[in-house]
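# A look at the structure
This is what each chain is made of:
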Amino acid sequence: MAQMTMIQAITDALRTELKNDENVLVFGEDVGQNGGVFRATEGLQQEFGEDRVFDTPLAESGIAGIAVGLATQGFRPVPEIQFFGFIYEAMDAVNGQMARLRYRTGNTMNAPITIRSPFGGGVHTPELHADSLEGLIAQQPGMKVVIPSNPYDAKGLLISSIRDNDPVVYLEHMKLYRSFREEVPEEAYTIELGKANVKREGTDVTLVAYGAMVQASMKAAEELEKEGIQAEVIDLRTVMPLDIETIIKSVEKTNRVVVVQEAQRQAGMAAQIVTEIQERAILHLEAPVLRVAAPDTVYAFTQAEEVWLPNYNDIIEKVNKVINF
Amino acid sequence: MGKYNSIQCFCEFCKNNTQNKKDIRKEEVNLLKRTLENIESQFETFQVLNEEGEIVNEELMPELSDDELKELMTRMVYTRILDQRSIALNRQGRLGFYAPTAGQEASQLGTQFALEKEDFILPAYRDVPQLIWHGLPLYQAFLFSRGHYHGNQMPEGVNALSPQIIIGAQYTQAAGVAMGMKKRGKKSVAITYTGDGGTSQGDFYEGINFAGAYKAPAIFVVQNNRFAISVPVEKQTAAQTLAQKAVAAGIEGIQVDGMDVLAVYAATKDARERAVNGEGPTLIETLTYRYGPHTMAGDDPTRYRTEDLDSEWEKKDPIVRFRKFLENKGLWSEEQENEVIEKAKEEIKAAIKKADGQPKQKVSELIENMYEVLPAHLEEQLEEYKAKESK
Ligand SMILES: Cc1ncc(C[n+]2csc(CCOP(=O)(O)OP(=O)(O)O)c2C)c(N)n1
Ligand SMILES: [Mg+2]
């Protein structure tokens, strides 16, 4: 097995699926000769040709729109939106059109599209590069949203996303791209969409997280252990659809929950998760379910980014609150 | 129905008519091709100064005093130094986001020089020099780069928005600024900038079309530096020029040698005059080149550009060319240039110092900047962050 960073695992998944299915097309701004601004598509145009891996004109709504059109011709498009903040440019093409193709054609057509896109804070990008906008997509029925937290999951989840017959937005946290390596099998493997992963078992409190907040939660759990608190950490992996079953099972065991997201507090995934928990397991709860989230401002300017982003200390603080409730 | 389709009439009239139809269609194809060729051939590159610094278009030489000519040169030299220093500061970790400007001085400063103070600039991320020469203090430009909101607070009397990160967004906004000026009866213009890549965005077309529809006093500049990060302009569009995109919007369009500051100035001056006289917007494509990487965030131009292409464009350098012109007129010397360079270096140093002294921005301030009146949930968060910050 090879040691890979998350970005290498992503490239590997793309290569695997380009080989596996001739209908897979990879396209977007700078993904061809340049191999993507993060090198996620490095070498793929050389290997599979310009017919299958190609640069597009600079227009996100065009990119997402051609994906829908190509899907009707039997292709399996894997477009890249260079940074997820630019999804606003493509909002109609995605939430307005792609999400509805199956539905509005009475289940006679479908959009097996995987939009890949970097997002996430802590890497000092300019405006509209780092925003966590998964909630906007997750709110749209018809879409799926996948967010890996490590190299192994990144590969398996991307392959599953590409093979899925409905549209998936696959979000890659920039901070995780090269932050660590782990063993990633060379062969193709899939990780079922909509299935969470219990990363760490515990009995006192459940931490529900995804993306870069999984690492923060793991770190918080380690610190909490020193104080004798056993935290269970759930990595959602897919935020839409949600793996409610795994969350509820954990809640029934620990009776205390903190939901962690990097996105701002208002609306968003955490609110959805908290609602599901209280609807299904209120009698198992010993304390209110609390959230860790960024404050409700537009994404922070770089110089305030580190303070603005949720971190493991914020998680510990909230855990102490639910424990001492 | 099917079988009736094959019934044909062989009378003289019908026979001739089908024949006619065929010919017309053939004619149409030619016509279409000719239309495109006609349009494209009309977009010749407008030039005043050639690479040797010689005037090749006497009658279009703009009326500029000797002092104004020297001022233009001063600004270009100053901006080149600012670019070099910004790159160095970025490498030392003392600046943040930075998009290099060397090579594009004539396009950037030639357009800005044709403006009046009351004109409104809507720049993209690379267009910081235009803002500076429109009045944005240098230390604020550095704060913008560092990701401090004070960099985006235009001082009183500086008519501009801070640099746009989203490609194309400024184009529709510029149409709106220009419409507003027209409604207010102002004799000013809105000027906005994008790159060759930017002309692929829907917002680009919407912006020029709206401005055309309302005859709004706008100037749309496309700095065609041949690449959108790594993607060559040939992959953006089948159009031979970007200026010709004006045709479909029904507005004026012109392609200019973007390494020739006099041509850029003359074209912008003309566009401005027509705009304030109620004759509508203009699209100006400047042919230029960025010598450096796309931004300082890890772009490697050797992955997509050849050294040959780089040196081909470096030969067209806007500063070298203008220097030759001014030296021939006896208006410029090495000493003068060195004075500008020294002045630039000193002012940059002072501005960095001032930027360093700016209080660190707080999350509580970001919260306060969200609404005129903070809703209850934000009041709560404001208290929370203020308490944290005072610890
Ligand atoms: C809507 C949007 N899409 C993509 C980007 C990422 N991006 C930043 S600059 C750039 C290329 C722009 O090229 P061009 O318009 O030619 O301007 P240049 O940078 O060459 O001045 C891209 C793709 C962005 N900032 N905004
Ligand atoms: Mg360009």
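Owing to the predicted nature of the structure, the values given are computational and were not obtained by experimental measurement.

### Some points on the overall build of chain B
- Along chain B, the regular secondary structure elements total 16 helices and 8 strands.
- Dimensions of chain B, computed from the C-alpha atoms along their principal axes, are close to 95 × 65 × 50 Å.
- For chain B, contacts bridging at least 24 residues in sequence account for 74% of all contacts bridging at least 6.
- About 19000 Å² of surface is accessible on chain B, with carbon and sulfur atoms providing 50% of the total.
- Across chain B, 48 positive and 60 negative side-chain charges occur, with their mean positions spaced 5 Å apart.

### Some remarks on the overall build of chain A
- When you go through chain A residue by residue, the secondary structure sums to 12 helices and 14 strands.
- Taking 325 residues into account, the globule formula puts the C-alpha radius of gyration at 20 Å, and chain A, at 19 Å, falls close to it.
- Principal-axis analysis of the C-alpha atoms gives chain A an extent of 60 × 45 × 40 Å.
- Within chain A, the fraction of its 325 residues that count as buried is 62%.

### Structural notes on the interface of chain A and chain B
- Opposite the 35 residues of chain A that make contact, chain B presents 36 residues.
- Across the chain A/chain B interface, buried area totals approximately 3100 Å², and carbon plus sulfur atoms make up 53% of it.
- Contact with chain B buries surface across chain A, with A:L58, A:F301 and A:Q303 losing the most and accounting together for 23% of the total.
- Between B:K388 and A:D314 there is a salt bridge whose closest N-O contact spans 3.8 Å.
- Counting the contacts that link chain A with chain B gives 10 residue pairs in polar contact (both at pLDDT 80 or more).
- For the side of chain A that touches chain B, the per-class residue count stands at 14 nonpolar, 10 polar and 11 charged.

### Looking at the site of ligand 1
- Within the structure, ligand 1 sits among 21 residues, and A:E60, B:Y125, B:R126, B:I165 and B:D196 are positioned closest to it.
- Near ligand 1, residues from chains A and B are present, making the site a shared one.
- B:D196 is positioned with one of its side-chain polar atoms (N or O) 2.8 Å from an oxygen atom of ligand 1.
- Within the contact set of ligand 1, an oxygen atom lies 2.9 Å away from a backbone nitrogen or oxygen of B:F227.
- Bound to the protein, ligand 1 loses 96% of the 580 Å² it would expose on its own.

### Digging into the nonpolar core
Residues and elements named next belong to chain A.
- Core analysis: the biggest nonpolar cluster contains 86 residues, and I87, V94, M98, I137 and L236 have the highest contact counts within it.
- At 7 residues, the largest contribution of residues to this core is made by helix α1 (residues 6-20).
- Those residues in contact with M98, other than ones at most four positions away along the chain, are A64, A67, V68, A93, A111, I113, I115, M143 and P167.

### A closer look at the coordination of the magnesium ion (ligand 2)
All names here are of chain B.
- Around the magnesium ion (ligand 2), the protein contributes the donor atoms D196 (OD), N225 (OD1) and F227 (O), which lie 2.0 to 2.1 Å from the metal centre.
- Read in sequence order, the donor residues for the magnesium ion (ligand 2) give the motif D-x28-N-x1-F.
- Judged by its relative accessible area of 9%, F227 falls in the buried class.

### Overview of helix α7 (residues 169-183) of chain B
All names here are of chain B.
- With 15 residues, α7 extends 22 Å between its outermost C-alpha atoms, agreeing within 8% with the 21 Å of an ideal straight helix rising 1.5 Å per residue.
- The set of residues buried in α7 consists of A169, Q170, Y171, A174, A175, A178, M179 and M181.
- In the core, the buried residues of α7 are packed alongside β2 (120-122), β3 (190-195), α8 (202-213), β4 (218-224) and β8 (282-287).
- Where α7 ends, the next residue or the one after it, G185, has phi of about 70°, a positive value.

### Considerations on the pairing of β4(B)
Residue and element names in this part refer to chain B.
- Counting buried residues in β4 gives 7 out of 7 residues, a clear majority hidden from the surface.
- Both faces of β4 are covered, namely the face carrying A218, F220, V222 and N224 and the face carrying I219, V221 and Q223.
- With 6 bridges connecting them, β3 and β4 associate as parallel partners. The partner of T192 across the bridge, within β4, is F220.

### Side note on the sheet that holds strand β11 (residues 231-235) of chain A
Residues and elements named next belong to chain A.
- Spatially, 5 strands are ordered β9-β11-β10-β13-β14 in an open sheet, and the strand pairing comes out mixed. In the strand order of this sheet, the two ends are held by β9 (197-200) and β14 (290-294), each with one partner. Taken over all neighbouring pairs, the strand axes of this sheet differ in orientation by 25° on average, direction set aside.
- In this structure, strand β10 (residues 205-209) lies alongside strand β13 (residues 257-264), joined through 3 bridges in parallel fashion. In the sheet register, V208 faces β13, and the bridge partner there is V259.
- Along the sheet face, helix α9 (residues 244-254) touches β9, β10, β11 and β13 and points at about 175° away from the line of β11.

### Regarding the pattern of salt bridges
All names here are of chain A.
- Tallying each qualifying case throughout the model produces 33 salt bridges over all chains.
- Among the salt bridges present, the one from K155 reaches D12, with a minimum N-O distance of 2.5 Å. One end of the pair, K155, is in helix α7 (residues 151-163); the other, D12, is in helix α1, and 143 residues separate them in sequence. Residue K155 shares its accessibility class with D12, and that shared class is buried.

### What about the side chain of B:D83?
- As for its placement among the helices and strands, B:D83 is situated in helix α3 (residues 66-91).
- Residues in contact with B:D83, not counting those within four places in the same chain, are B:Y98, B:P100, B:T101 and B:A102.

### Concerning the confidence of the model for chain B
- Here chain B shows a mean pLDDT of 94. Residues at 70 or above account for 93%.
- Taken together, the chains of this predicted complex give a pTM of 0.95 and an interface ipTM of 0.96.

### A look at unusual backbone geometry
- At the junction of A:M240 and A:P241, the peptide bond is cis and its omega measures out at 0° in the coordinates.
- Mapped onto the fold, A:P241 is located in the loop between β12 (238-240) and α9.
- The backbone phi angle of A:R39 is positive, close to 70°, even though this residue is not glycine.
- In this structure, A:R39 sits in the loop between β2 (24-28) and α2 (44-48).
- Look at A:R39 and you get buried, because its relative accessible area is 17%.
- Positioned with a positive phi, B:R226 is a non-glycine residue whose angle comes to about 75°.
- Counting through the fold element by element, B:R226 comes out in the loop between β4 and β5 (227-228).

### Here's the deal with the sheet that holds strand β1 (residues 45-46) of chain B
All names here are of chain B.
- Spatially, β1-β7-β8-β4-β3-β2 is the arrangement adopted by the 6 strands of the open sheet, whose pairing is parallel. Looking at which strands have only one partner, the edges of the open sheet turn out to be β1 and β2.
- The strands that helix α4 (residues 105-113) touches are β2, β3, β4 and β8; relative to β3, the one it contacts most, it runs at about 170°.

### So, helix α8 (residues 212-226) of chain A
Residue and element names in this part refer to chain A.
- With 15 residues, α8 extends 22 Å from end C-alpha to end C-alpha; this agrees with the ideal 21 Å at 1.5 Å per step.
- Turning to α8, its buried residues number three or more, namely A212, M213, V214, A216, S217, A220, A221 and L224.
- Positive phi shows up at G228, right after α8, with a value of about 85°.

### Some words on the packing of α4(B) against helix α11 (residues 261-276) of chain B
Residue and element names in this part refer to chain B.
- Orientation of α4 relative to α11, taken along the N-to-C sense of each, is 40°, at an axis distance of 8 Å. It follows that α4 is oblique to α11 by the angle criterion. When you trace α4 past α11, the crossing you get is right-handed. Along the contact surface, α4 presents A106, S107, G110, T111 and F113, while α11 presents V261, V264, Y265 and T268.

Conventions used here
Per chain, the residues get numbers from 1 upward, laid out in the order the sequence is written. Working convention: letters from A go to chains and numbers from 1 go to ligands, in the order in which they are written. Only residues with pLDDT of 70 or above have their local features reported here, since the model is predicted, and side-chain atom pairs are shown and tallied only from 80 upward, although totals for entire chains, interfaces and linings are computed over all residues. Each side-chain value is worked out from all heavy atoms of the structure, with water and hydrogens disregarded. Secondary structure elements are defined from DSSP: runs of H or I of at least 4 residues count as helices, runs of E of at least 2 residues count as strands, and each element is numbered from the N terminus. Note on contacts: a residue pair qualifies if any of its non-hydrogen atoms lie within 4.5 Å across the two residues. All accessible areas in this document rest on Shrake-Rupley with a 1.4 Å probe, and a residue is counted as covered only by the protein chains that are shown. None of His or the chain ends enter the tally, which takes Lys and Arg as positive and Asp and Glu as negative. A charge is said to be at NZ when it belongs to Lys, at CZ for Arg, at CG for Asp and at CD for Glu. In this setup the radius of gyration rests on C-alpha atoms only. A globule is expected at 2.2 Å times the number of residues raised to 0.38. A simple rule labels every residue: compare its accessible area, found with a 1.4 Å probe on the protein chains alone, to the largest value its type can have, and call it buried under 20%, exposed over 50%, or partly exposed in between. As a working definition, buried area equals the accessible area (1.4 Å probe) given up by two parts on being put together, with both sides summed. We define a salt bridge as a side-chain nitrogen of Lys or Arg found within 4 Å of a carboxyl oxygen belonging to Asp or Glu. In protein, a polar contact means a hydrogen-donor-capable atom and an acceptor-capable atom, both N or O and within 3.5 Å, with residues adjacent in sequence counting only if both atoms are side-chain atoms; elsewhere, any N or O pair within 3.5 Å suffices. Residues were grouped as follows: Ala, Val, Leu, Ile, Met, Phe, Trp, Tyr, Cys and Pro as nonpolar; Asp, Glu, Lys and Arg as charged; and all remaining residues, including Gly, as polar. Nearness is defined per residue: one heavy atom within 4 Å of the molecule or strand is enough. Within this scheme, the nonpolar core is defined by two criteria: the residues are buried Ala, Val, Leu, Ile, Met, Phe, Trp, Tyr or Cys, and they are joined through side-chain atoms within 4.5 Å. A donor here means an N, O or S atom no more than 2.8 Å from the metal, or no more than 3.2 Å when the metal is Na, K or Ca. Since water is not included, a site may seem to lack partners. Here the expected length of a helix is defined as 1.5 Å per residue gap, with one fewer gap than residues. At least two bridges found by DSSP between two strands is the condition for calling them paired. Interaxial angle, 0 to 180 degrees, is taken between N-to-C directions of lines fitted to C-alpha atoms, where a helix line uses only the stretch in contact. Known as pLDDT, the predictor's confidence for each residue is given on a scale from 0 to 100. Any angle that falls under 35 degrees is termed roughly parallel, while one over 145 is termed roughly antiparallel, one within 65 to 115 roughly perpendicular, and all others oblique. Note on convention: near helix rotated counterclockwise from far helix by under a right angle means a left-handed crossing. Clockwise means right-handed.

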